[in-house]
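Now for the letters of each chain:
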Amino acid sequence: MKLLGNMNIKDNELYIGEISCKYLAEKYDTPLFIIDEDDFRKKANKYLNNFSSKNIETRVIYASKAMLNIYMAKVIKEENLFIDVVSGGELYTVLKANFPKDKIYFHGNNKLKKELKLAIENNIGTIVIDNKDEIRRLKELLEDTEKKQKVLLRVNPGIDAHTHEYIKTTKLDSKFGESIFDENIYSIVKEIVDCENLIFEGFHCHIGSQIFEKESFFKEAETMMEFTKKINEKLNIKVKELNLGGGFGVYYTEEDKPFKLEKFLKEFISKIEKLDKKFDLNLKRVDIEPGRSLISNSGSTLYRIGGIKETYGGKDYIFVDGGMTDNPRPALYQAKYEAIIANKANNKNTNNYTIAGKCCESGDILIENCPLPKAEENDLLLISSTGAYTYSMSSNYNRIEKPAMVFINKDKVKLAVRRQTYEDIIREDVDVE
Ligand SMILES: Cc1ncc(COP(=O)(O)O)c(C=O)c1O
Ligand SMILES: N[C@@H](CCCC[NH3+])C(=O)O
């Protein structure tokens, strides 16, 4: 397994910063989500330092769907990032973390009335409108107030980026946003511009997730900026803001070849500056919205091995105390991961194991054919790069409790999420005596 962030090995034991996995397992139990906070903060700075321009204000908006809890929101706040939320629950979490309200973007293709209300009541910065129905819903809600709400419109620029089918977002038949190729787009934008309670700031788009071709993002910027010029001319307005979404690919295994982030961000902003001149846009603000590329590599999951099973069919299993409940990505997207036995960190890989979870489901496999040293009961297995879309997509399938999460900052450990208990499992059941 490739060591990421502040991972290091001492006396055959894997450490994250100055904290050993053995200590973490003993103190917090397993499975355990571990966030390398120092590594995450450095990445946030990389984004801020490299996606910056003298002429255009730039914003880095953390896509909180990747991983969110109150402590995480506080870290995002301290790092001076903006934040995007996509549901009432995410919004409520960041509000509870006292996140600056003007730095919140609210997304979603079907925001409920109660969610929009929560956003309006709390004067959040920007609502990203997805569709015509939402314009009407927002207008109705705002009519009874004196408030004016800043909005972006999510559009679909039809970029077919190469990634898993389930995480593409701008195919022409995608459920997200309004198409820039549809003639109705002009009347939709005009309706927003003409509404007294809405302040039209500009457009949002997001072409998908785990994308490795820089060209897809450059094409996205060009298409969006050309479209913006058309809108400016046709409606005689000046669009101020463009949010180009996230989607930057990351390393999970050797198959993944992500681009160098610093270099890409510099190229991206310089491309945007040039296009801004070319199309005579004079944009005030450009945003990007990374989720996975900020948090994925800073997270890992620590499991305890419960047993090893050599099957008659020839497959050797390692059973761990978590699985698809804490990481549904392999089952959902055939996602691949790397692993290490944390208490045998320098031992040679001599075996090939299939790492299986404890759910009553044959597809509950975390890694197929994982090269590892000989494993034994009670060994600690760490899977790397699990910071994004694992905890946030976790479930209580089979009524399994969700793991705890700790943040490690060099020699400090902060418990950010406590482990669920059986009492938590029955908390919403009504007929409890
Ligand atoms: C609107 C929007 N913004 C940002 C993101 C973040 O994407 P990623 O985690 O791939 O950077 C997503 C998820 O794909 C999204 O739907
Ligand atoms: N959940 C997906 C990414 C979705 C991105 C959000 N629109 C994944 O784990 O890869």
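Residues numbered from 1 in each chain as written. Chains lettered and ligands numbered in written order. Predicted model: local features only at pLDDT ≥ 70, side-chain atom pairs only at ≥ 80, totals over all residues. Heavy atoms only, no water.

1. Structural notes on the environment of R136
Part 1: With respect to the secondary-structure elements, R136 resides in helix α6 (residues 132–143).
Part 2: With relative accessibility at 41%, the residue R136 sits in the partly exposed group.
Part 3: Sequence separation between R136 and E191 is 55 residues, and the spatial gap between their C-alpha atoms is 9.5 Å. (Helix = DSSP H or I, 4+ residues; strand = E, 2+ residues; numbered from the N terminus. Buried < 20%, exposed > 50% of the residue type's maximum accessible area, 1.4 Å probe, protein only.)

2. What to know about the site of ligand 2
Part 1: In the region of ligand 2, seven residues are neighbours, and R292, R329, Y333, Y389 and M393 sit closest.
Part 2: The separation between an oxygen atom of ligand 2 and a polar side-chain atom of R292 is 2.8 Å.
Part 3: Measuring from an oxygen atom of ligand 2, one finds a side-chain N or O atom of R329 at 2.6 Å.
Part 4: Looking at side-chain class alone, the shell around ligand 2 contains four nonpolar, no polar and three charged residues. (Near = heavy atom within 4 Å. Polar contact = N/O pair within 3.5 Å; in protein donor to acceptor, adjacent residues only side chain to side chain. Nonpolar A, V, L, I, M, F, W, Y, C, P; charged D, E, K, R; others polar.)

3. Things to note about the pattern of salt bridges
Part 1: Going through the model one piece at a time under the given rule, you end up with 31 salt bridges.
Part 2: With a closest N to O distance of 3.6 Å, E262 and K46 form a salt bridge. Note that E262 is positioned in helix α9 (residues 261–278) and K46 in helix α2 (residues 37–50), a separation of 216 residues in sequence.
Part 3: Residues E267 and K214 are paired through a salt bridge, measuring 3.1 Å at the closest nitrogen-oxygen approach. With E267 in helix α9 and K214 in helix α8 (residues 214–235), the pair connects residues that are 53 residues apart, well separated along the chain. (Salt bridge = Lys/Arg side-chain N within 4 Å of Asp/Glu carboxyl O.)

4. Details of helix α3 (residues 70–78)
Part 1: Buried within α3 we find M72, A73, V75 and I76. Each buried residue of α3 sits inside an arc of 160 degrees when the element is viewed along its axis, so together they form one side.
Part 2: Against the buried residues of α3 lie α2, β5 (57–63), β6 (82–85), α4 (88–96), α10 (292–295) and β20 (404–409).
Part 3: In this structure N69 caps α3, since a side-chain oxygen of it lies 3.3 Å from the backbone nitrogen of Y71. (Arc of directions from axis to C-beta. Contact = heavy atoms within 4.5 Å.)

5. Here we look at the packing of helix α7 (residues 185–194) against α8
Part 1: One way to put it is that α7 packs onto α8 with a least axis distance of 11 Å and a crossing angle of 65 degrees. In terms of axis orientation, α7 runs roughly perpendicular to α8. Between α7 and α8 the crossing geometry is right-handed. Across the interface between the two elements, I185, Y186, V189 and K190 of α7 pack against F227, K230, I231, K234 and L235 of α8.
Part 2: A breakdown of the residues in the contact of α7 with α8 according to their chemical character gives six nonpolar, no polar and three charged. (Axes fitted to C-alpha atoms, helices over the stretch in contact; angles between N-to-C directions. Parallel < 35°, antiparallel > 145°, perpendicular 65-115°, else oblique. Left-handed = near helix turned anticlockwise from the far one by under 90°.)

6. Comments concerning the sheet that holds strand β1 (residues 7–10)
Pairing between sheet strands relies on hydrogen bonds along the backbone, with the strands arranged either parallel or antiparallel.
Part 1: With antiparallel pairing, the three strands of this open sheet are ordered in space as β1-β2-β3. Strands at the two margins of the open sheet, each flanked by one partner only, are β1 and β3 (19–20). (Pairing = 2+ DSSP bridges.)

7. Overview of the side chain of T386
Part 1: In this structure, T386 sits in the loop between β19 (380–384) and β20.
Part 2: For T386, a relative accessible area of 1% translates into the label buried.
Part 3: Setting aside anything within four residues of it in sequence, one finds T386 in contact with S296, G299, S300, T301, N327 and Y337.

8. Some remarks on the pairing of strand β13 (residues 285–288)
Part 1: On β13, burial covers both faces: R285 and D287 on one face and V286 and I288 on the other are all buried.
Part 2: In this sheet, β13 lies alongside β5 in parallel orientation, the contact comprising four bridges. Note that in β13 the partner of E57 across the bridge is R285.
Part 3: In this sheet, β13 lies alongside strand β12 (residues 241–243) in parallel orientation, the contact comprising three bridges. Within β13, the residue paired with N243 across the bridge is D287.

9. Some points on unusual backbone geometry
Part 1: Of the consecutive residues T30 and P31, the connecting peptide bond is found in the cis state with omega at -10 degrees.
Part 2: Inspection of the secondary structure puts P31 in the loop between α1 (21–28) and β4 (32–36).
Part 3: Here N236, not a glycine, exhibits a phi torsion of approximately 55 degrees, which is positive.
Part 4: As for its position among the elements, N236 is in the loop between α8 and β12.

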